[in-house]
Amino acid sequence: MELTEKRTGGRTVFEGRVIRVEEDEVLLPDGKSASREVVRHNGGVCVAPLTDSGELILVRQYRYPYGEITLELPAGKLEKGEDPLSAAKRELSEETGAEGKLTPLGEMYPTPGYSDEIIRLYAATELSFGKMHTDDDEFIETVKLSLKEAEEMVLDGRIKDGKTQVLVLKTVLLTERGLL
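What counts and how
Residues numbered from 1 in each chain as written. Predicted model: local features only at pLDDT ≥ 70, side-chain atom pairs only at ≥ 80, totals over all residues. Heavy atoms only, no water. Core = buried A, V, L, I, M, F, W, Y, C linked by side-chain atoms within 4.5 Å. Buried < 20%, exposed > 50% of the residue type's maximum accessible area, 1.4 Å probe, protein only. Helix = DSSP H or I, 4+ residues; strand = E, 2+ residues; numbered from the N terminus. Arc of directions from axis to C-beta. Contact = heavy atoms within 4.5 Å.

**Quick look at the nonpolar core**
Phase 1: With 22 residues, the main nonpolar core has Cys46, Leu56, Leu58, Leu73, Leu121, Leu167 and Val168 as its most contacted residues.
Phase 2: Mapped onto this core, the elements with two or more residues apiece are β4 (44–49), β5 (55–63), β8 (98–108), β9 (119–129), α2 (147–155) and α3 (162–176).
Phase 3: Broken down by element, the residue count for this core peaks at 4 residues, all from α2.
Phase 4: Ala87, Tyr122, Ala124 and Leu127 belong to the second-largest nonpolar core, a separate cluster that totals 12 residues.

**Regarding α2**
Since one α-helical turn is 3.6 residues long, residues separated by three or four positions face the same way.
Phase 1: Within α2 the residues assigned to the buried category are Leu147, Ala150, Glu151, Met153 and Val154. Buried positions in α2, seen along its axis, are confined to an arc of 160° and lie on one side of it. Opposite the packed face of α2, turned more than 90 degrees from it, sit the exposed residues Lys148 and Leu155.
Phase 2: The secondary structure elements touched by the buried residues of α2 are β5, β6 (68–72), β10 (140–146) and α3.
Phase 3: Once α2 finishes, glycine 157 follows within two positions and takes phi at roughly 90°, a positive value.

See below:
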């Protein structure tokens, strides 16, 4: 069965610093036309810093859209054309002061229904620590949790951030299997 939709036209509705919103016209597999609203995003990275003692380093920060403080793994957006591995190293250093061996753990599509954002996932091991150097508009504090504590917080809903949930659970499973 053919499932692919083909873009036949469209327009940019909004263009900002982080996202661009487009309204596209598409041809459906059955020959009918439809409209698609798409949020275009450069993508991002998320890093699971795992200490030698088996703790994850997370960050607490206020997230304006939700009006609450969240607990997340270090993450950030890609600049246009930026290499994801370089961005992961940058975000790890900025948000935790750490450097280490980064292992790619795949990609995730956080909102495939309306956005083209891709988040690249990494584990960071063999950590060494320096000084945090967050962005001027970034106010965070770090928190260390055992893998078990982080897993429980994902399962009971205290960690709500999707990329963090996915990467915590991947890190737990890969560690249990001796792959990290």
